[in-house]
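The lines below spell out each chain.
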Amino acid sequence: MKKINGIRWIALTVVFVLVSMLWMQSTYSQEDNEKQISSIYSEHEKVIVEDKLELSFNIDKGNFIVRNMEDGTVWKSFLEENDIQSERKPNEKWLEAMSSLIILHYTNFKAKNTIPSSDDTVLIKCMEKDGKITVKMDFTAQQIRLDMNIWLENQALQVEIPGKSIEEYGKNGIMQIDILPFFMSAQKYDSGYMFYPDGCGAIYYFRDEILPNANKRYSFNVYSQPIEKLGPDDYKETNDEITSELISKMMNRITGDAAMPVFGIKREESAVLGVITEGESDALINVEPCGFTVDVNRIFPSIIYRYSYKDPRPEVAKMVTYYEEQKMVHDTHIQYIFLSGENADYSGMSNAYRSILLEEEGIIPHAGRFSGALSLFCGVIQDRILFDRFIASVTFDQATTIMNEIGANNLIVNLMGSGKSGYNAYNDHYVPARDLGGKNGFKKMMENAKSMGNRIYIEENFIDILPETKKPRGFNSLYIRDANNMLLSDKYYQQFIVNPLKAFDIFTSKYIKGIISYKPDGITFKRMGELIFRDSEKNKKVSYETCISTWQKFLEYSKSNLGGSAVQGGNIYTIGHVDWLYDIPMEDSGCAINDEVVPFYQMVLHGVVDYSGQPGNLTYDYSRTRLQWIEYGCLPFFELTYKGAEEITKTSYNKLYSSSYELWAGTVKTAFLELHEVLEQVQKAFIVKHEKLSRDVVRVMYSNGVEIYINYGEADWKQEGIVVPAIDYIMINPGGEIYVQ
């Protein structure tokens, strides 16, 4: 007994010593942190406090500090030389940039350059009124003035640049503004990552090492890349000769498109989400890993006010760049939301962005209208030497047969090429194709669909004129032009884009008046959710912002006249105007710095609107696609023909390599039945947490308490009494009941 008591005494002594050391370390750490914060605040005056946020400003230097009082984290609009934890210190030029609120890109209309707002030639005047700080910046050497307003509201830092405050009073013009370029930054030794909306979402983890591909800025266009020329953007999609110039062009284009104007950073146990709420149609999201320019990881937005363009003559274009005469006047507004603890990750960011959409943008959740989605490829015209031929691949009677045999209710059934000119036609009016069953066949199909609770949508493309497009006469005057006032086309002048305002006029004055009599449930607008563009022709000028508002008018007009609208693509400006999205981003772009793909897009929208990715029968691995549908909360989706697609492959639509209903009937029925049981539980709930439990296993948590575990691996996964079979999933309801397929 004495020996045992002695051992206990030694153990208690060791525990006491360890606790004492931890207490001392915590005390010293707390003292060091307080000293560091005190040093940071020495030149800054506390100006605004709102609930858990504190904003301090240096009136003389025009920079600020935000303190998240919930976790004590400090976020600065500037960095100093001793902040850089690297042997490679920034030069004088970058020290100047690191202390700037903005970097101004400008042009003398012969070349372009940049200047930071902390440059000696920039006059800065700060004023505070009613809790809002206005920073007036006068770039005297460039003769450009602008204001930046900064304040705290709705638990967020608000930053605004009023468009009317931008004044060019000399010979230079504004090009672009990089906003708070060092505010959302982290050192290479920090724990965390940067989040950016590449595809459905991607993250880059901080690391001590500098990667070979970290020597550049990665920029993502919000919504759509500028269109300079029509034609393939992937060498796999072109019949042109593969040259080094073509490959270089494709490799060096701006990385990709962002369907949502958001960006974020997680640093230790704190995080910040940035949301561009105004000016996003002309915005870039920039990601700079440690190793490029300055040894710090940073992410920030840029707003474009003037575009450059090349001379149309190839031999001149290499030497001459032109700049638009008039700048765009639009307001810019960015919110920075601060997250702490368990909310300081990409899941917390998605919840915060969803709250903005619902509470500030006024979007009303309406998910749960559909149990699944079918696209039926009805018909296409095959060009022939003497007489063209209409190839019918799903007649209206066959569409009825498919719906009846599947037996599912509340499907959205999207008809592709159901008009008299088939697929790839630009229809200024709609008449059901005679070869598919005509008006009577269409009417019977609609009656049958209605009895099952299914809804029929007609897919139309009001954007593209392709080489094979059947278009009405007199369209040549409707095509968009580039900044050189030349038609935007491919090199063969067979491919064009129709001006959005002219397209909307055709839609409202002709198309909608004719289709109403057939009473479809809505229209699916091809490409309107993935593409925006400008028209530079003076008489019908269109900006990106105007293009977006026009697409929204299309969607609302269809809803008000037919009852519904759907769209291809996932750009966030369509949300609130549609019943269903398809072909939404399900992967990333393959950007070289991406460490992990995350379903941020789906996490924001699940429970808000119904959506689908690619058709399951057109993916390379259906078993993986099925699991991804469950992980990402997608409606099951297939694109089918009634029989084989052999004849279709000889037409302009040659992507249906496996579409026969006879072949896929069993899979489709099983998918709709199986996923209906999952959707019933979670379709109207929000995804509140998404996390990887291992390389192959993911857990998705919903706002109603349901949890789903997905196992992509080839072996069963076991943990704490939970077993997830290989290449399968389980669902656990709030009561702890486990559903296994």
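What comes next is a walk through the structure. Here the structure is a predicted model, which is why all the values come from computation and not from measurement. (Residues numbered from 1 in each chain as written. Predicted model: local features only at pLDDT ≥ 70, side-chain atom pairs only at ≥ 80, totals over all residues. Heavy atoms only, no water.)

With that settled, the discussion passes to the overall build of the protein chain. A count of helices and strands for the protein chain gives 12 helices and 44 strands. Against the globule reference of 27 Å for 741 residues, the protein chain gives a C-alpha radius of gyration of 29 Å, in line with a compact fold. Counting all 741 residues of the protein chain, 56% fall into the buried class. Of all intrachain contacts in the protein chain linking residues separated by at least 6 positions in sequence, the fraction that spans at least 24 positions is 66%. Roughly 33500 Å² of accessible area belongs to the protein chain as shown, and the carbon and sulfur atoms make up 49% of that amount. For the protein chain, the distance from the average position of its 77 positive side-chain charges to the average position of its 101 negative side-chain charges is 5 Å. (Helix = DSSP H or I, 4+ residues; strand = E, 2+ residues; numbered from the N terminus. Rg over C-alpha atoms; globule rule 2.2 N^0.38 Å. Buried < 20%, exposed > 50% of the residue type's maximum accessible area, 1.4 Å probe, protein only. Contact = heavy atoms within 4.5 Å. Areas by Shrake-Rupley, 256 points an atom, 1.4 Å probe, with all protein chains shown as cover. Lys, Arg positive; Asp, Glu negative; His and termini not counted. Charge placed at Lys NZ, Arg CZ, Asp CG, Glu CD.)

Right, let's get into the side chain of Ser421. Structurally, Ser421 is set in the loop between β28 (411–416) and α7 (438–452). Excluding its chain neighbours within four sequence positions, the residues that come into contact with Ser421 are Ile381, Phe390, Asn427 and Lys470.

Right, let's get into the packing of helix α6 (residues 396–406) against α7. The geometry of α6 relative to α7 is characterised by a closest axis approach of 8 Å and an angle of 15 degrees between their N-to-C directions. Classed by the angle they form, the pair α6 and α7 counts as roughly parallel. Note that α6 runs across α7; the crossing there is left-handed. Contacts between α6 and α7 involve Phe396, Ala399, Thr400, Met403 and Asn404 from the first element and Gly438, Gly441, Phe442, Met445, Asn448, Ala449 and Met452 from the second. Taken together, the residues of the contact of α6 with α7 sort by class into seven nonpolar, five polar and no charged. (Axes fitted to C-alpha atoms, helices over the stretch in contact; angles between N-to-C directions. Parallel < 35°, antiparallel > 145°, perpendicular 65-115°, else oblique. Left-handed = near helix turned anticlockwise from the far one by under 90°. Nonpolar A, V, L, I, M, F, W, Y, C, P; charged D, E, K, R; others polar.)

Okay, the sheet that holds strand β2 (residues 53–58) next. Here four strands make up an open sheet; going across it, the order is β1-β2-β3-β4 and the pairing antiparallel. A single partner strand is all that each edge strand has here, and the edge strands are β1 (45–50) and β4 (73–76). Neighbour-to-neighbour, the strand axes of this sheet turn through a mean angle of 20 degrees, independent of strand direction. Direction of pairing for β1 relative to β2: antiparallel, over a ladder of five bridges. Following the sheet pairing, Val49 is matched in β2 by Glu54. (Pairing = 2+ DSSP bridges.)

Here we take up the packing of aromatic side chains. Taken as a whole, this structure holds 46 aromatic pairs when the rule is applied. Seen from their ring centres, Phe64 and Phe183 are 5.7 Å apart, and the 50 degrees between their planes marks the pair as tilted. Of this pair, Phe64 sits in strand β3 (residues 63–68) while Phe183 sits in the loop between β12 (173–179) and β13 (185–186), placing them 119 residues apart in sequence. For Phe183, a relative accessible area of 1% corresponds to the buried category. Look at Phe507 and Phe525: their rings are 5.6 Å apart centre to centre, the planes differ by 75 degrees, and that puts the pair in the edge-to-face class. A residue pair is termed long-range when its members are at least 10 positions apart, and Phe507 in helix α8 (residues 500–515) and Phe525 in strand β32 (residues 522–525) qualify at 18 residues. (Phe/Tyr/Trp six-rings, centres within 6.5 Å; stacked < 30°, edge-to-face > 60°.)

With that settled, the discussion passes to the nonpolar core. The biggest cluster of nonpolar side chains holds 188 residues, and the ones touching the most others in it are Leu157, Tyr336 and Leu605. Among the elements that take part in this core, helix α12 (residues 661–682) stands out by supplying nine residues, more than any other. Apart from the residues lying within four places of it in its own chain, the contact partners of Tyr336 are Ala156, Leu157, Val159, Ile179, Leu180, Phe183, Met184, Phe263, Val272, Leu273, Gly274 and Pro301. (Core = buried A, V, L, I, M, F, W, Y, C linked by side-chain atoms within 4.5 Å.)

Let us now look at empty space enclosed by the protein. Inspection of the entire model under this criterion finds six cavities of 30 Å³ or more. In terms of lining residues, the largest cavity is bounded by 18 residues, among which Tyr423, Asn424, Ala425, Glu460 and Asn461 are the most central. Looking at which element gives the most residues to the lining of the largest cavity, the answer is strand β29 (residues 455–460), with three residues. Of the residues in the lining of the largest cavity, the class split is six nonpolar, eight polar and four charged. A volume near 60 Å³ is recorded for the second largest cavity. (1 Å grid on protein atoms, 1.4 Å probe; cavity = no way out; pocket = protein on both sides within 12 Å on 5 of 7 lines; lining within 4 Å. Points joined across faces, edges and corners; volume = space filled by probe spheres on them.)

Right, let's get into the side chain of Arg626. Note on placement: Arg626 falls in helix α11 (residues 622–632). Polar contacts involving the side chain of Arg626 include one to the side chain of Asp728, which spans 3.3 Å. Contacts of Arg626, omitting those with residues within four sequence positions, involve Glu674, Ile727, Asp728, Tyr729 and Gln741. (Polar contact = N/O pair within 3.5 Å; in protein donor to acceptor, adjacent residues only side chain to side chain.)

Moving on, we get to the sheet that holds strand β38 (residues 687–692). Within the open sheet, the five strands sit side by side as β38-β39-β40-β43-β44. Their pairing is antiparallel. Sheet topology places β38 and β44 (738–740) at the edges, where each strand pairs with a single neighbour. Direction aside, the axes of adjacent strands within the sheet are offset by 15 degrees on average. Here strand β39 (residues 697–702) runs beside strand β40 (residues 707–711); their pairing, made up of five bridges, is antiparallel.

Our focus in this paragraph is the packing of α8 against helix α9 (residues 544–562). With their axes 10 Å apart at the nearest point, α8 and α9 run at an angle of 5 degrees to one another. Relative to α9, the element α8 is oriented roughly parallel. Contact with α8, carried on its side by Pro500, Leu501, Ala503, Phe504, Phe507, Thr508, Ile512 and Ile515, involves Thr546, Cys547, Thr550, Trp551, Lys553, Phe554, Tyr557, Ser558, Asn561 and Leu562 of α9 and no other residues of that element. Of the residues assigned to the contact of α8 with α9, the class counts are 12 nonpolar, five polar and one charged.

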